[in-house]
Amino acid sequence: MKQFFLYLSLILILIHPNPSPGETTKIRPDDLSYPPLVFIPPSAEIISFDSGLTLYLLSDSELPLINVSAVFRAGSIYDPAGKEGLSELTSRLLRTGGTRDKSSSQINDLLDSLGASIEIKTGRESVAVNLTVLKKHFSQAFGIFCQILREPFFEDKQVELARQLNISALNRVADDPDRLAFREFSRLIYGDNPRGRLTSIASLTGINRQDLLDYYERFFVPERMAITISGDMTRDEAVKIVDSSFGRWQKGTPYKEDMIPIPKPKGKAGIFHLEKDTPQSVIIVGWIAPGKREEEYFPFTLIDFILGSGGFRSRIFSEIRSNLGLAYSAGSVYRPRGEYGLFLAYTITKSQSTGQVLSLLKKIIEEAASQPIPEEEISRAKKSLNYGFIFSFQSSNDIVNKYLTIAHDKLPNDYLVTYRERLSQTTAGEVRAVAEKYLSWKEAVVLVVGKAADFDRPLTDFGEVTGVTLNIP
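Residues numbered from 1 in each chain as written. Predicted model: local features only at pLDDT ≥ 70, side-chain atom pairs only at ≥ 80, totals over all residues. Heavy atoms only, no water.

Draft legend 1. Looking closely at the pairing of strand β6 (residues 225-231). Here β6 lies mainly inside the structure; seven of its seven residues are buried. The pairing of strand β2 (residues 54-59) with β6 spans six bridges and is classified as parallel. Along β6, the bridge assignment pairs Leu57 with Ile229. Judged from the seven bridges that link them, strand β3 (residues 65-72) and β6 form a sheet pairing that is antiparallel. Across the sheet, residue Phe72 finds its bridge partner in β6, namely Met225. (Buried < 20%, exposed > 50% of the residue type's maximum accessible area, 1.4 Å probe, protein only. Helix = DSSP H or I, 4+ residues; strand = E, 2+ residues; numbered from the N terminus. Pairing = 2+ DSSP bridges.)

And the structure:
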């Protein structure tokens, strides 16, 4: 074995002799060349039922595991004014409030005995109920899953417990500057739009059991529902069990989607300050951005990556955090929906560098909006995003949920197939035009959460400042 390594070392020396002075053998990753990567996204089968329900199915027998998700077009944007938090409370109680046949404790015991998990995620525009279980226990676990969806009871005791848990979570927000900043920023950027309404202690206190029942009957109906199944289940098995469980589910009254307006591209811009006695400041700058159904989506995706979501080499991260060491965290986030998007850049810095960091953030944004972005940066962003897209197809559950998202956002059926090509074909001119159109500093919503007395510069140096009142009571 020692002779083998000796011979190997001699061969490597002959192939790669020591470099002469001034030469280097280092190769930059960006200089590597390789054949183009060919990738065809896996496809899920889409099956429609007479009740209005749609099934997204991808069979995968590699593991004896089955994942099921029921996703409803519901969420916080449908909360009535004064009843903010109703969607989240209803969703929580689907899981914890019992059913007509089983109490909440009985459901918990049964799921534990089966090694099954049922979790509920509530967003602004959707509610997802997720089941994960071994195939051998699927029938029993899916029966519980169906009862939760079709026969919730909303036990009085559990309603009050859920209310108090949500109130307790709200009270903790005030002690977390990061969560507080992003919460208040949402209210500022969306303004009068329902997406900007926030849950408060008063709104939670005013919700009763009848409100929960009314919300459930209005939004948890088959025509507002899609279901995904992935894992060790055949097509015939999936169709049979979905049809028998939900096929005769009585249709509800369709909800008029046009009652929820799309956020305005240009809302109330300005600089806002929320006073908070903390040693650090949270700075968020944002705009309403293009949605996935717009041609501007692809160039804006590149802008976001270049500015802040691209990690260490992104402009905000490398300049403010890596080069100057002025931020605990820094970057950007682009959250596109079908019809609109939200873009924000953020930094968390010590109070004494608040003005300096805000000034740097302003400079970086203005440069992106007014100067051409080098082709090298755009090319690097395209490569990273394309490879990241490929690695997002890691499980059958990931794949079916992508197709569900396509339907929810009303995207073209070939969206996944053409994504990489459309991104690659985006030109530097398109990137420049979209950056100039959307990233005007004068139209930005800027929120700073922190202690003004400790700032290195007054926020008034950047323009007129509006004070923000904590919106939790």
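Draft legend 2. Spatial organisation of the pairing of strand β9 (residues 329-336). As judged from the eight bridges shared by β9 and strand β10 (residues 341-350), these two strands associate in the antiparallel manner. Of the residues in β10, the one forming a bridge with Gly331 is Tyr346. Linking two consecutive strands that pair antiparallel, namely β9 and β10, is a turn of four residues.

Draft legend 3. Region of interest: the sheet that holds strand β4 (residues 117-122). One open sheet accounts for six strands, arranged β1-β2-β6-β3-β5-β4; its pairing is mixed. Because the sheet does not close on itself, it has two edges, and the strands there are β1 (45-48) and β4. Each adjacent strand pair in this sheet contributes to an overall mean axis angle of 15°, direction not counted. With four bridges connecting them, β1 and β2 associate as antiparallel partners. (Axes fitted to C-alpha atoms, helices over the stretch in contact; angles between N-to-C directions.)

Draft legend 4. Broad picture of the side chain of Arg95. Structurally, the position occupied by Arg95 is in helix α2 (residues 86-96). Side-chain polar atoms of Arg95 contact the backbone oxygen of Ile118, separated by 3.2 Å. Once residues within four sequence positions are removed from consideration, Arg95 is found in contact with Ile107, Asn108, Leu111, Ile118, Ile120 and Ile148. (Polar contact = N/O pair within 3.5 Å; in protein donor to acceptor, adjacent residues only side chain to side chain. Contact = heavy atoms within 4.5 Å.)

Draft legend 5. Structural detail: the packing of aromatic side chains. Throughout the structure, instances matching the rule amount to 22 aromatic pairs. For the pair Phe182 and Tyr346, a centre-to-centre distance of 6.1 Å together with 65° between the ring planes defines the contact as edge-to-face. Taken as a pair, Phe182 in helix α6 (residues 177-190) and Tyr346 in strand β10 lie far apart in primary sequence, 164 residues in all. Their ring planes at 25° and their centres at 6.1 Å tell us that Trp287 and Phe343 sit as a pair that is stacked. Here Trp287 is found in strand β8 (residues 280-289), whereas its partner Phe343 is found in strand β10, with 56 residues between them in sequence. An aromatic cluster is present here, built from Trp287, Tyr297, Phe298, Phe300, Tyr334, Phe343, Phe389, Phe393, Tyr415, Tyr419 and Tyr438 joined pairwise through their rings. The ring of Phe153 has Arg209 sitting right over it, with the charged end atom 5.0 Å from the ring centre. Cation over ring: Lys402 sits above Phe393, and NZ or CZ is 5.1 Å from the ring centre. (Phe/Tyr/Trp six-rings, centres within 6.5 Å; stacked < 30°, edge-to-face > 60°. Lys NZ or Arg CZ within 6 Å of the ring centre and 35° of its normal.)

Geometric values such as these leave the question of function open.
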